Amino acid sequence: MQKFPLAVIGAGVIGRTHIERMLAMPEFDLVGVAEPSAAGQQWCQAKGLAVFATHTELLNTTRPQGVVIATPNASHVSVAADCMAQGIAVLIEKPVADTLAAAEHLIQLEKETGVPVLVGHHRRHNPILQRARQIIDEGRLGHVVHAHVMANFYKPTAYFDVAWRRQKGGGPVLINLIHDIDMLVYLLGEVRAVQAHSSNTVRGFEVEDSASALLEFSCGTQAVMTVSDTTVSPWCWDLCAGEQSQYPRQAVASHYLAGTHGALSLPDLALWQYTGERHWHHELQCAQSRVHETDVYVQQLRHFRAVAERQDPPLCSSLEAWRTLQATQALVQAAQTGQRQICPAFSA
Ligand SMILES: NC(=O)c1ccc[n+]([C@@H]2O[C@H](COP(=O)([O-])OP(=O)(O)OC[C@H]3O[C@@H](n4cnc5c(N)ncnc54)[C@H](O)[C@@H]3O)[C@@H](O)[C@H]2O)c1
């Protein structure tokens, strides 16, 4: 297989995760990295990588066929536009943009240029989630009435030494819960309306440390979600799905779906059903699916190549990422106003 020339823009926390994976994958040729900070440049140079201060220098010098954009949220769409103007496919980190208007601009650019776009909601590449979607699509839960999602974990005090993590927009809703919202959008479709409450009672920062929400999906499912970065708890996807080695894995579930014909918990993929008549006096049977677990970031990069080469449609398109963003922003808005928010796609 011919090597695929890739570049990375932004060598921060997640940019380095992508770089490490690419360097270990023989099918990729990492042609260069754009990174303005001295510390990031030194990190790249220590790996023997060609590093440029701006993405325009990177694009003009190295001519990649695909680029991973791992810069701060507000720059995602403008950087992507520069890549797409040169016909270069983009894998944009989540959230797709900092505003819905910017995400809509990206959708328009994709239509105009025909350049493929994949958004980095990486959990969609997890075989556990793909199996869950198959179980739901096969109708084995019947109509999914409820989803319960817990994203409860503890971030250490030092995490908050960085100012933006204490300020509005830097909290666990936009950083963490957006991943769980995207999982539900992937499994259940679009969110129609949201009610929410958030609190900063424990840490006392400007930003929330905890939030609870009720999401109504257009398919009729109601989802209850909690997130907190100040709870000592194993009940969150990062701690129980085993996607990243820095989180010691716990044998518990964080996501629960209950339908008219069955119930499913994740990530353990335990499916509960009656074999005969559905009746709460009867014995429930539990069957657990096994999937071959893989590195989701590796899977995502492989998929990105197929998207860039126009062999596969994106597993998370700019429109899908817009859907996740609109639900997440509606949640933030609902918590701020105390009012139920109808998502823009349903408010006309
Ligand atoms: N999918 C995931 O699991 C995941 C995890 C963490 C972060 N993210 C997302 O990735 C993005 C980056 O987050 P992070 O935690 O890595 O942030 P970070 O601050 O650690 O890294 C961002 C890097 O981009 C660089 N940068 C800024 N502007 C640039 C530009 N115009 N061109 C090139 N480089 C530029 C910065 O110097 C910095 O090194 C955010 O959108 C975040 O939401 C995704």
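Being a predicted model, the structure only gives us computed values, none of them experimental. (Residues numbered from 1 in each chain as written. Predicted model: local features only at pLDDT ≥ 70, side-chain atom pairs only at ≥ 80, totals over all residues. Heavy atoms only, no water.)

When you go through the protein chain residue by residue, the secondary structure sums to ten helices and 15 strands. In terms of overall size, the protein chain behaves like a compact globule, its C-alpha atoms giving a radius of gyration of 21 Å where 348 residues would be expected to give roughly 20 Å. For the protein chain, long-range pairs separated by at least 24 residues make up 66% of all intrachain contacts whose partners lie at least 6 apart in sequence. Of the roughly 15600 Å² that the protein chain leaves accessible, carbon and sulfur atoms contribute 52%. Taken as two groups, the 26 positive and 32 negative side-chain charges of the protein chain have centres that lie 2 Å from each other. (Helix = DSSP H or I, 4+ residues; strand = E, 2+ residues; numbered from the N terminus. Rg over C-alpha atoms; globule rule 2.2 N^0.38 Å. Contact = heavy atoms within 4.5 Å. Areas by Shrake-Rupley, 256 points an atom, 1.4 Å probe, with all protein chains shown as cover. Lys, Arg positive; Asp, Glu negative; His and termini not counted. Charge placed at Lys NZ, Arg CZ, Asp CG, Glu CD.)

By size, the foremost hydrophobic cluster in this structure holds 44 residues, and its most contacted members are Leu187, Leu215, Leu257, Leu264, Leu266 and Leu331. A total of nine residues in this core trace back to one element, the largest contributor, which is helix α7 (residues 172–188). Core analysis: the next-biggest nonpolar cluster, separate from the first, contains 32 residues, Ile9, Ile92, Leu109 and Trp322 among them. (Core = buried A, V, L, I, M, F, W, Y, C linked by side-chain atoms within 4.5 Å. Buried < 20%, exposed > 50% of the residue type's maximum accessible area, 1.4 Å probe, protein only.)

Take the site of the ligand next. Taken together, 22 residues form the shell around the ligand, and within it Ile14, Glu35, Asn73, Lys94 and Tyr297 come nearest. Interatomic distance of 3.0 Å between a side-chain N/O atom of His76 and an oxygen atom of the ligand. Taking 840 Å² as the accessible area of the ligand by itself, protein coverage stands at 75%. Classifying every residue of the shell around the ligand by side-chain character gives ten nonpolar, nine polar and three charged. (Near = heavy atom within 4 Å. Polar contact = N/O pair within 3.5 Å; in protein donor to acceptor, adjacent residues only side chain to side chain. Nonpolar A, V, L, I, M, F, W, Y, C, P; charged D, E, K, R; others polar.)

If you walk across this open sheet you meet the nine strands as β14-β13-β12-β11-β7-β10-β9-β8-β15, and the pairing is mixed. Whereas interior strands pair on both sides, the edge strands pair on one side only; in this sheet they are β14 (285–288) and β15 (341–342). Bridging between strand β8 (residues 191–199) and β15 involves two bridges; their strand directions are antiparallel. Looking at β15, one finds that Ala193 is bridged to Ile342. Along the sheet face, helix α6 (residues 127–137) touches β7 (144–152), β11 (255–259), β12 (263–266) and β13 (270–273) and points at about 170° away from the line of β12. Relative to the sheet, α7 contacts β7, β8, β9 (210–217), β10 (222–228), β11 and β12, its axis offset from that of β10 by approximately 155°. (Pairing = 2+ DSSP bridges. Axes fitted to C-alpha atoms, helices over the stretch in contact; angles between N-to-C directions.)

With that settled, consider the domain arrangement of the protein chain. Domain boundaries assigned for the protein chain yield domain 1 (4–115) and domain 2 (124–294 + 326–346). Domain 1 and domain 2 are separated by 29 Å when their C-alpha centres are compared. Listed per partner, the contact involves five residues of domain 1 and seven residues of domain 2. Carbon and sulfur atoms make up 60% of the area that domain 1 and domain 2 hide from each other, which totals about 480 Å². Summed over the shared surface of domain 1 and domain 2, the result is zero salt bridges. Taken together, domain 1 and domain 2 are joined by two residue pairs in polar contact (both at pLDDT 80 or more). (Domains from an automatic or database assignment. Buried area = accessible area lost by both parts, 1.4 Å probe. Salt bridge = Lys/Arg side-chain N within 4 Å of Asp/Glu carboxyl O.)

Quick look at the sheet that holds strand β6 (residues 117–120) now. Spatial strand order, β3-β2-β1-β4-β5-β6: six strands in an open sheet with parallel pairing. Both edges of this open sheet fall to β3 (51–52) and β6, since each of them pairs with a single strand only. Relative to β6, strand β5 (residues 89–93) runs parallel, the two sharing four bridges. Directly across from Val90, in β6, lies its bridge partner Val117.

Time to look at the packing of aromatic side chains. Applying the stated rule across the entire model yields three aromatic pairs. Seen in terms of ring centroids, Tyr159 and Phe160 are 5.0 Å apart; in terms of plane orientation they differ by 75°. Their pairing is edge-to-face. On the accessibility criterion, Phe160 (5% relative accessible area) is buried. An aromatic cluster is defined as three or more aromatic residues linked by ring pairs; in this entry it consists of Tyr159, Phe160 and Phe205. The ring of Tyr159 is capped by Arg165, whose NZ or CZ atom sits 4.0 Å from the centre of that ring. In this structure, Arg203 packs its charged tip against the face of Tyr154, placed 5.2 Å from the ring centre. (Phe/Tyr/Trp six-rings, centres within 6.5 Å; stacked < 30°, edge-to-face > 60°. Lys NZ or Arg CZ within 6 Å of the ring centre and 35° of its normal.)

Once that is clear, we can look at helix α3 (residues 55–62). Regarding α3, the residues found buried are His55, Leu58, Leu59 and Thr62. One side of α3 carries all its buried residues, which in axial view fall inside an arc of 100°. Opposite the buried face of α3, at more than 90 degrees from it, the exposed residues are Asn60 and Thr61. The inward-facing, buried residues of α3 contact β1 (4–9), β2 (28–34), β3, β4 (66–69) and α4 (76–85). Once α3 ends, the next one or two residues include Arg63, with phi positive near 50°. (Arc of directions from axis to C-beta.)

So, about helix α5 (residues 100–113). The end-to-end C-alpha distance of α5 is 20 Å, a good match for the 20 Å that 14 residues give at a rise of 1.5 Å each. Those residues of α5 hidden inside the fold are in contact with α4, β5, β6 and α10 (318–337). One or two positions beyond α5, positive phi appears at Gly114, with a value near 70°. (Expected span 1.5 Å × (residues − 1).)

Before going further, it helps to spend a moment on the pairing of β1. Burial runs high along β1: six of the six residues are buried. Residue alternation in β1 divides its side chains into two sets, Phe4, Leu6 and Val8 and Pro5, Ala7 and Ile9, and both sets are buried. Bridge count between β1 and β2: six bridges; the pairing is parallel. Its bridge partner being in β2, Val8 is matched across the sheet by Val33. Note: β1 against β4, four bridges, orientation parallel. Bridging across to β4, Leu6 finds its partner in Gly66.

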